[in-house]
Amino acid sequence: MSKPQPTIELRTSPHIKSAPTVEQIMRNVVFALLPISAFAVYEFGISALALILTVTGSCLLTEHLFNRAGEKPNSLRDWSAAITGLLLALTLPPGFPLWMGVVAGFVAIALGKVLFGGLGFNVFNPALVGRAFVQAAFPVAITTWTPPLAPGRFLEFIPSTLTAPFMTPPSVAAWSHHAVDAFSGATPLGLWKFQGIVVSTSDLFTGMSAGSAGETSALLILVCGAYLAARRMMDWRIPAAMLGTAALTALAFRLFGGSHYPTPLFVLFSGGLMLGALFMATDMVASPLTPLGVWIYGAVMGFITVIIRYFGGLPEGVMYAILLGNALSPLIALITQPRVYGARRERSKP
Amino acid sequence: MTLLKWFGRKSFSHGVHPQEHKDGTAHRAIRRLPFAPRMIVPLAQHIGKPSRPLVKVGEEVLRGQLIAEADGFMSVPQHAPATGVVEAIELMPSAQGPRVRSIVIKVYEASSQEVLCDQSQDVDNLDPDAIVQAVQASGLVGLGGAAFPSHVKLKVPAEHAIHTLVVNGCECEPFLTTDHRVMLEQTDDLIRGTRYAMRVVGAKRAVIGVEDNKMDAVETIRARLPADGNISVEAVETKYPQGSEKMLITSLLGLEVPSGGHTFHIGVVVNNVGTLAAMGQLLPRGRGLIERVVTVAGPGVSKPGNYRVPIGTPLRYLLGYAGFSGSAAEVILGGPMMGNAIASLDVPVTKGVSGVLVLSSNAIGQPRTVHPCIKCGQCVSACPIHLNPSQLGLLAAKREYDLMAEDFHLKDCIECGCCSFVCPSSIPLVQYFRIAKSVLRERAA
Ligand code: SF4
Ligand code: SF4
C-alpha cells in the first residue's frame, strides 16, 4: 500500500463504557475514609495515627508478599488492600498495641482474602476477619478503651500502644485517669449494657465518646458515606436497610419491652453500627448481587446487630452481624434471583 | 404533570442510560452522497444465502438494474447502485472480516444516474403472498442493523395469528439518528410501508414505538396517521436497549417473548421504521434497494450528518466526503453499543450499515485493565433479560458453556452489552457470551 493506513484500534462492542472503574471506586472509598481517620487522630492523638499507619502498612505488605510468592500481578494498585487496612484500623481501640495491629492486618489479608483467591473471591469482609481474629486472640487489649481528647495525646503515646510483642500491655487506667478525670474505661455501649449509663445522643453523633478509633462520630461517617453514595460508588440500599431495620427493632423493644431499652437513636449512633453499615456491610464482594437481595441482606444484619447487643455477652454485635450477613449472602442472592425474561417461574425441565 | 408523565412512561425493567450524542446529527436533514467512482456490491450482505450474479465482467449496468438474483427463499437479490460497467466479480474485503464475493462497478461519471427500471405496481391490491414476493424482489433487509431478509420476517408460519405489528422507531443506540430523520422526512413512506406489512402479516393494528427523546418524530407521525385509527404512535422511555425487539414489545404491549421462542408466538411481528419506510417507497414503484440512510458521526469527522448513500460506496469515499480528519482511534459500523469496529476503510457500505462512527481515543477511553469480578451487582441490575452476567462470566472463564446454557439461560442473552457497559472490573462479559453461544452453536451443528 502506498498510503500509510491510519492506526485504528479493533475492540469489541460495547465501544463505550460507563464510569467508574474498580480503581476509581476503591480510590474513592479510601478518600472517604481519610476524614474519618483524621478525626480519629484528632481525638486520640499519635497513638491512633501510629495504629492506622501500622495496620494499613501490614495489609499492603502482606498483599504484596503474597503476590510475589504466588507470582501474581501487582494488585496493590486496585487499592482494595488499603481499604481493608484503613477499615481494620478504624475498628480497633485507639491504644491497641501496634504489634497486635500487625497481626490483625496480616490475618485480614492472608485469611480473609488470599486464602479465598484474592479480590472478588473473598466470602467475608477481610477487615472483619482480621478484627474477629484479634478479638479472639487478644480479648483484653481489644476491649481496653481510652478517653477522647486527652490532653497531651499528640505528644505522648497511650502506654499500651508500644507494648513489645507477647508482653502484657500496661494498664491504661492510670494513664486515662491522669489524662481525663473519672474515665470509666468503657464505651457508651458498654456503659449502657453493664452500668445502665446512657451517653447523650448528641455526644454520640459528633463523636465525643470513647470507642474504636474511627467509629465514634456518626455524623462524619454519614457525611463520608453520603459522598460515596452520591458518586454511585456505594450501594446506599445496604446501609438504608441495615440502619432502618436496626432502628425499627430498637423501637419495637423500647415500645414493648420497656424504657430500660435504649432509644433507636442511641442504637444507631453508638458503637460500630454506622461505620459497619456504611463501609463494611457495603463490601461489594461479600454482599448479594440481586437488587432485592441487597435489601434482605441489610435488614438481616440490622436485626442481628440489635439482638446481639441486647442479648449477647458482648456490648457490640455489628461485627458478627456483618460476618453472618456475608455468610448468608450467596444464599440470599440465590433465592432472590429475578425471573429471567420470557421464562416461566419454575425452570421447565423435561 | 411532568411527574405523571414520568411514571406513565412506557418501558421495560433494567437497561442503561448511555450518553446520547445525537445532537450533532439529529437536526440535520438527510443529504444525498455523490457517486463514488467505484462501487463494491457484496453478494452476501444479508443473513442467509448469498445471491447469484446475473451480469458478467465488462457488461454495462443501469442504476437500479437487477444484477444478482436471490438463491432460494432465505436470500435477497442485489441491484446496481449506479450506472456503469462491471469491472470485476471477485473476493473483496468486507466489514465482517473475511473477503466476500462482490460485484465491482466502475461508475460512469457522465451518466445522469437516473433510475430506469421503474415498474409501478398497485400494492394495495396484491394478495399477501404477492407482497412477500415483491418485498423479496426489492432486495430489502432489516435496515436497523440486523440485515435479516425482510420478506422472511413477514412470512409468518400459518399457525400463528398476528394481532399487532410493532414498528420500531426507538433508535436507542447513541450517535445514530437515521431512523429519526427517516421518521421526519419520509413519514408517508413509513405509514404506507406499515400498511403493507400489516396486510401481509394480517395484523389488525400497528403501534409505532418511538423513544421520547424524539417527540418531534412522534408528533409528525401522529399528524399524518390515517383516520381509521389502526395505526398508533407511542412514546417510550429513552433507555438502552429499548430498540431490542423483546424490550419494545414489553414496553408497548406488556407481553414477554417466551424464552427460546419467537415474537410470533405471542402474535407480534416487529419491523424497523427504516425498513418499512423503504418498503413504502420501493414497492409501489417496483424498485430495488440501491441506497440507504447512514449516520456519519463522531469526533473524527468535520461534517457529521445523515447521508443517503448508494449501497456499495466504499467507506473511504463516504468518510472523505464527511470530512474525515484521517485519524481515529476506532471506526465503528453501527452504534457504539452493538456495532463492529472495522480494520480497513476499503470495505463498502452495505444494506445493514446504519451508521459509521469515527471515535477518538477520548470517546472510547483508554484500554482498561480487567480486574476480577467484585460482585458489585451492576451487571445484574443492568441486564434487561434479568440474567446473572457475573455468574455467567465466571463460568465462561472456565469454559463451562453447557452449564451456562442449561442453568443460567445463556441462550436468552440478546448480546446488548449492558453488562459490559457497566462492569467496573471491565470484564468483556458480552464478548464471552458471544463466544460461548457460537461454540455451542458449532457443537450443535
Ligand atoms: S449482553 Fe446478555 S447478559 Fe449482558 S446485559 Fe445484555 S442480555 Fe444481559
Ligand atoms: S458488573 Fe462486573 S464486577 Fe460487577 S458483578 Fe458484574 S461482572 Fe462482577
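Bear in mind that the values here come from a model prediction, so they are computed numbers and not experimental data.

Criteria and thresholds
Residue positions within a chain follow its written sequence, with the count starting from 1. Note on labels: chains are lettered from A, ligands numbered from 1, in written order. In keeping with the model being predicted, local features are shown solely for residues with a pLDDT of at least 70 and side-chain atom pairs are shown and tallied solely at 80 or more, while totals for entire chains, interfaces and linings include all residues. Water and hydrogen atoms were dropped before computing side-chain values, which therefore reflect all heavy atoms in the structure. One heavy atom within 4 Å of a molecule or strand makes the whole residue count as near it. The residue classification treats Ala, Val, Leu, Ile, Met, Phe, Trp, Tyr, Cys and Pro as nonpolar and Asp, Glu, Lys and Arg as charged. All others, Gly included, are polar. Pairing between strands is defined by DSSP: at least two bridges between the two strands are required. Elements are defined by DSSP. Helices are runs of H or I of four residues or more, strands are runs of E of two residues or more, and each kind is numbered from the N terminus. In what follows, residue pairs with any heavy atoms lying within 4.5 Å of each other are defined as contacts. Axis lines are fitted through C-alpha atoms, for helices just across the contact stretch, and the angle between N-to-C directions can take any value from 0 to 180 degrees. Orientation categories follow fixed angle ranges, with anything under 35 degrees roughly parallel, anything over 145 roughly antiparallel, 65 to 115 roughly perpendicular, and all other angles oblique. What makes a crossing left-handed is the near helix being turned counterclockwise from the far one by less than a right angle; a clockwise turn instead makes it right-handed. Put simply, buried Ala, Val, Leu, Ile, Met, Phe, Trp, Tyr and Cys residues joined by side-chain atoms within 4.5 Å make one nonpolar core. A 1.4 Å probe rolled over the protein chains alone gives each residue an accessible area, and that area as a share of the maximum for its type sets the label: buried under 20%, exposed over 50%, partly exposed in between. Reported domain spans reflect what an automatic or database domain assignment gives. Values labelled buried area give the accessible surface lost by two parts on being combined, using a 1.4 Å probe and summing over both. Counted as salt bridges are all cases of a side-chain nitrogen of Lys or Arg within 4 Å of a carboxyl oxygen of Asp or Glu. Here a polar contact is recorded for every N or O atom pair within 3.5 Å, except that within protein the pair must consist of a potential hydrogen donor and a potential acceptor, and residues adjacent in sequence are included only if both atoms are side-chain atoms.

**Some points on the site of ligand 2**
Line of reasoning, step 1. Close to ligand 2 lie 14 residues, the nearest being B:Cys373, B:Cys376, B:Gly377, B:Cys379 and B:Cys423.
Line of reasoning, step 2. The environment of ligand 2 is shared, with nearby residues belonging to chains A and B.
Line of reasoning, step 3. Grouping the constituent residues of the shell around ligand 2 by class yields nine nonpolar, four polar and one charged.

**Focus on the sheet that holds strand β16 (residues 340-341) of chain B**
All names here are of chain B.
Line of reasoning, step 1. Within the open sheet, the six strands sit side by side as β1-β14-β13-β17-β15-β16. Their pairing is mixed. At either margin of the open sheet sits one strand with a lone partner, and together these are β1 (31-32) and β16.
Line of reasoning, step 2. Running over the sheet, helix α5 (residues 178-185) touches β13 (291-297) and β14 (305-310) and is turned about 130 degrees from β13.

**Here's the deal with the site of ligand 1**
Line of reasoning, step 1. In the vicinity of ligand 1, 14 residues are found, and the nearest of them are B:Cys383, B:Cys413, B:Cys416, B:Gly417 and B:Cys419.
Line of reasoning, step 2. Secondary-structure elements contributing two or more residues to the shell around ligand 1 are α15 (418-422) and α16 (429-444) of chain B.

**Observations regarding the packing of helix α1 (residues 22-44) of chain A against helix α3 (residues 80-90) of chain A**
Residues and elements named next belong to chain A.
Line of reasoning, step 1. Their axes nearest at 10 Å, the elements α1 and α3 cross at an angle of 25 degrees. Of the possible angle classes, the one that applies to α1 and α3 is roughly parallel. For the element pair α1 and α3, the recorded crossing hand is left-handed. In this structure, α1 uses Met26, Val29, Val30, Leu33, Ile36, Ser37 and Ala40 to contact α3, whose residues at the interface are Ser80, Ala82, Ile83, Leu86, Leu87 and Leu90.
Line of reasoning, step 2. Of the residues that constitute the contact of α1 with α3, the class distribution is eleven nonpolar, two polar and no charged.

**Brief notes about the nonpolar core**
Line of reasoning, step 1. In this structure, A:Leu33, A:Phe96 and A:Phe279 are the most contacted members of the largest nonpolar core, which totals 81 residues.
Line of reasoning, step 2. Looking at which element gives the most residues to this core, the answer is α1(A), with ten residues.
Line of reasoning, step 3. The residues that make up this core include at least three from each of domain 1 (21-184) and domain 2 (187-335) of chain A.
Line of reasoning, step 4. Every residue in contact with A:Phe279, bar those within four places of it in the chain, is listed here: A:Val29, A:Ala32, A:Leu33, A:Ile36, A:Leu87, A:Ile221, A:Cys224, A:Gly225, A:Leu228 and A:Met274.
Line of reasoning, step 5. In this structure, B:Leu140, B:Val141, B:Ile162 and B:Val167 belong to the second largest nonpolar core, which totals 46 residues.

**So, the environment of A:Asn67**
Residues and elements named next belong to chain A.
Line of reasoning, step 1. The topology assignment puts Asn67 in helix α2 (residues 46-69).
Line of reasoning, step 2. Judged by relative accessible area, which is 11%, Asn67 ranks as buried.
Line of reasoning, step 3. In this structure, the C-alpha to C-alpha distance between Asn67 and Ile83, residues 16 residues apart in sequence, is 17 Å.

**Focus: the interface of chain B and chain A**
Line of reasoning, step 1. Listed as interface residues are 63 residues of chain B and, on the opposing side, 41 residues of chain A.
Line of reasoning, step 2. Three residues, B:Arg368, B:Ile374 and B:Lys375, lead the burial of chain B against chain A; their summed loss comes to 14% of the area buried on that side.
Line of reasoning, step 3. For the pair chain B and chain A, the interface holds one salt bridge.
Line of reasoning, step 4. Two residues, A:Arg339 and B:Glu256, come together in a salt bridge whose shortest N-O distance is 2.8 Å.

**What to know about the domain arrangement of chain A**
All names here are of chain A.
Line of reasoning, step 1. Assigned domains within chain A: domain 1 (21-184) and domain 2 (187-335).
Line of reasoning, step 2. The centre of domain 1, based on its C-alpha atoms, is set 20 Å off from the matching centre of domain 2.
Line of reasoning, step 3. At the interface, 38 residues of domain 1 touch 35 residues of domain 2.
Line of reasoning, step 4. For the pairing of domain 1 and domain 2, the buried interface totals around 2,900 Å² over both sides, and the portion due to carbon and sulfur atoms is 74%.
Line of reasoning, step 5. Three residues stand out in domain 1 for area buried against domain 2, namely Asn28, Ile36 and Leu128, and they jointly supply 18% of the buried area on that side.
Line of reasoning, step 6. Summed over the shared surface of domain 1 and domain 2, the result is zero salt bridges.
Line of reasoning, step 7. Taken together, domain 1 and domain 2 are joined by five residue pairs in polar contact (both at pLDDT 80 or more).
Line of reasoning, step 8. Secondary-structure elements contributing two or more residues to the side of domain 1 that touches domain 2 are α1, α3 and α5 (126-137).
Line of reasoning, step 9. Element by element, the count of residues in the side of domain 1 that touches domain 2 is highest for α1, at twelve residues.
Line of reasoning, step 10. Here the residues of the side of domain 1 that touches domain 2 are counted per class, giving 27 nonpolar, nine polar and two charged.

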